[in-house]
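Chain residues, written in single-letter form:
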Amino acid sequence: MEYKRLGKSGLQVSRLSLGSWLTFGKQIKNNIAEDLMTLAYEKGVNFFDNAEAYAGGGSEEIMGDILKKKGWSRDSYIVSSKTFWGLKGLQDSLPTQKGLHRKHLVEACHGALKRFKLDYLDLFYCHRADKNVPIEEVVWTMHNLVQQGKVLYWGTSEWSAQEIMEAHMVAKQYNLIGPIVEQPQYNMFHRDKVEVEFAQIYKTVGLGTTIWSPLASGLLTGKYNDGFPEGTRLGINGLEWLKDQALAEEKINKVKQLTKLASELGTSMPLLALAWCLKNENVSTVILGASKLNQLEENFKSLEVKESLTKEIMEQIESILDNKPIAPPF
Ligand code: NDP
């Protein structure tokens, strides 16, 4: 396993990590979740990603049970939670039970600690920006949670560069602890934020990134190239919105060409897609998702595939993707 500093913080995170969205407490049984975490930990993964909204808090409970059962030393892993949506989702949570106001941030932190059965969270994310809460309130609350020892580092997810900078300006103004990390979507089809929008703030504020959906929910494995396989994420009831987003004809055509390239290179489509993400040095860690142990086993080989991605191969991929985000001229 390779490790990398999470932005300019001193925290060393494994370049591959494991997440639990839609899997823990939903798509997979708890014994599979345990097998996935065990394999990941044995392979050197030190970061497990979670959120209050995953399975309505159930994902944190399951992960907490597994951590307790395994008895791994608390100083050997990093665990995260995120808040914004509320346990019941935006629609069904009361105004006091969601968002980034002080009441919900504090209660969400306490709730996550209880569900995990842990004394502190290593990382606590604002799962989205909240236009109804002053940024000063968010930064002060996160700073206080850090001061109280309930959280070690805090970050954002799907915030714009401007929103992240506003948080840093407030932190600087009041001498508070600012965010160290952003969790954006990043994959071959979703590139703008990571490659262009954040380009400056990797340098200025030393932003780290823990990227999500590196396989675009499975589209970038090639499994949807020739029809719709049973028992996969995009077939789950209630996820029609995700299926519609993912399975555009133009994208499938590109994945078919990439799958051919992967096979010419002697690798697989998922490994090519993950290695491509790892190749970006501004990506601190790629959060893997898996519904089966053999998927996770395969995905670890992406670290080796990354080493074989020469400039020429990256250019071949670029010409198939034909979606390189353009930075503004000034
Ligand atoms: P991916 O895009 O990598 O999708 C993972 C899914 O792809 C698996 O569950 C599996 O689904 C399929 N898959 C993975 N590997 C293989 C393989 N080798 N062969 C075939 N199929 C494979 O990542 P996720 O969307 O799961 O995101 C990763 C993590 O990021 C989440 O668990 C969560 O922690 C975080 N996240 C954060 C968000 C945020 O807003 N901050 C939003 C979303 C995720 P299946 O078997 O069902 O086809």
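Everything below is about the structure shown above.
Just so it is clear, the model here is predicted, and its values are computed rather than measured.

A full pass over the atoms with the stated rule returns eight aromatic pairs. Between Trp21 and Trp212, the ring centres sit 6.5 Å apart and the planes meet at 75°, which makes this aromatic pair edge-to-face. Of the two residues, Trp21 is situated in the loop between strand E3 (16–19) and helix H1 (30–42) and Trp212 in the loop between strand E9 (208–211) and helix H9 (240–246); the sequence distance between them amounts to 191 residues. Taking the relative accessible area as the measure of exposure, Trp21 reaches 26% and is therefore partly exposed. A ring pair is formed by Phe84 and Trp85, whose centres lie 5.3 Å apart and whose planes are at 80°; its orientation type is edge-to-face. The partly exposed category is assigned to Trp85, whose relative accessible area is 26%. Ring-pair connections join several aromatic residues into one group, and the members of that group are Tyr41, Phe48 and Trp72. Stacked on the ring of Tyr120, the Lys or Arg Arg74 has its end atom at 4.0 Å from the ring centre.

Across the interface, H1 lies against helix H2 (residues 58–70) with an axial gap of 10 Å and an inter-helix angle of 60°. Taken together, the axes of H1 and H2 lie oblique to each other. Regarding H1 and H2, the two cross each other, and that crossing is right-handed. Here Asn30, Ala33, Glu34, Met37 and Thr38 of H1 come into contact with H2, specifically with Ile62, Met63, Ile66, Leu67, Lys69 and Lys70. Among the residues making up the contact of H1 with H2, the classes are represented as six nonpolar, two polar and three charged.

The side-chain alternation of E3 yields two buried faces, one formed by Leu16 and Leu18 and the other by Ser17 and Gly19. Of the pairings in the sheet, the one linking E3 to strand E10 (residues 285–288) comprises three bridges and is parallel in character. When the sheet's bridge partners are listed, Leu18 is paired in E10 with Leu288. A crossover links E3 with its parallel partner strand E4 (residues 47–49), the connecting element being H1, and its sense is right-handed.

Core analysis: the biggest nonpolar cluster contains 93 residues, and Phe48 and Met188 have the highest contact counts within it. Counting residues per element, this core draws most heavily on helix H11 (residues 269–278), which supplies nine residues. Apart from the residues within four sequence positions on either side, Phe48 is in contact with Leu18, Met37, Ala40, Tyr41, Met63, Trp72, Tyr77, Ile78, Val79 and Ser80. Among the nonpolar cores identified, the runner-up in size contains 10 residues, and Val13, Ile180, Val181 and Ile287 belong to it.

A few words on the pattern of salt bridges. Evaluated as defined, the whole model comprises 16 salt bridges. Between Lys311 and Glu315 there is a salt bridge; the shortest N-O distance is 3.5 Å. You can see Lys311 and its partner Glu315 sitting in helix H14 (residues 311–321), four residues apart, about one turn around the helix. Using a relative accessible area of 61% as the deciding quantity, one classes Lys311 as exposed. With a relative accessible area of 45%, Glu315 lands in the partly exposed category.

Strands sit in the order E3-E4-E5-E6-E7-E8-E9-E10 around a closed barrel of eight strands; the barrel is parallel. When the angles between neighbouring strand axes are averaged without regard to direction, this sheet yields 30°. Here two bridges tie E9 to E10, and the two strands are oriented parallel to one another. Within E10, the residue paired with Ile211 across the bridge is Val286.

Inspection of the region around the ligand gives 33 residues, with Gln27, Asp49, Ser213, Lys223 and Ser291 positioned closest. Contact between the ligand and Trp21: an oxygen atom at 3.0 Å from a main-chain N or O atom of the residue. In this structure, Asp49 approaches the ligand through a side-chain N or O atom, which is 2.6 Å from an oxygen atom. Elements with a minimum of two residues in the shell around the ligand: E10 and helix H12 (293–299). Split into classes, the residues belonging to the shell around the ligand amount to 10 nonpolar, 16 polar and seven charged.

Secondary-structure assignment places Glu60 in helix H2. Engagement of the side chain of Glu60 in a polar contact is seen with the backbone nitrogen of Glu52, the distance being 3.4 Å.

Reading the values: the criteria
Residues numbered from 1 in each chain as written. Predicted model: local features only at pLDDT ≥ 70, side-chain atom pairs only at ≥ 80, totals over all residues. Heavy atoms only, no water. Phe/Tyr/Trp six-rings, centres within 6.5 Å; stacked < 30°, edge-to-face > 60°. Helix = DSSP H or I, 4+ residues; strand = E, 2+ residues; numbered from the N terminus. Buried < 20%, exposed > 50% of the residue type's maximum accessible area, 1.4 Å probe, protein only. Lys NZ or Arg CZ within 6 Å of the ring centre and 35° of its normal. Axes fitted to C-alpha atoms, helices over the stretch in contact; angles between N-to-C directions. Parallel < 35°, antiparallel > 145°, perpendicular 65-115°, else oblique. Left-handed = near helix turned anticlockwise from the far one by under 90°. Contact = heavy atoms within 4.5 Å. Nonpolar A, V, L, I, M, F, W, Y, C, P; charged D, E, K, R; others polar. Pairing = 2+ DSSP bridges. Right-handed = clockwise from strand over helix to strand, strands pointing away. Core = buried A, V, L, I, M, F, W, Y, C linked by side-chain atoms within 4.5 Å. Salt bridge = Lys/Arg side-chain N within 4 Å of Asp/Glu carboxyl O. Near = heavy atom within 4 Å. Polar contact = N/O pair within 3.5 Å; in protein donor to acceptor, adjacent residues only side chain to side chain.

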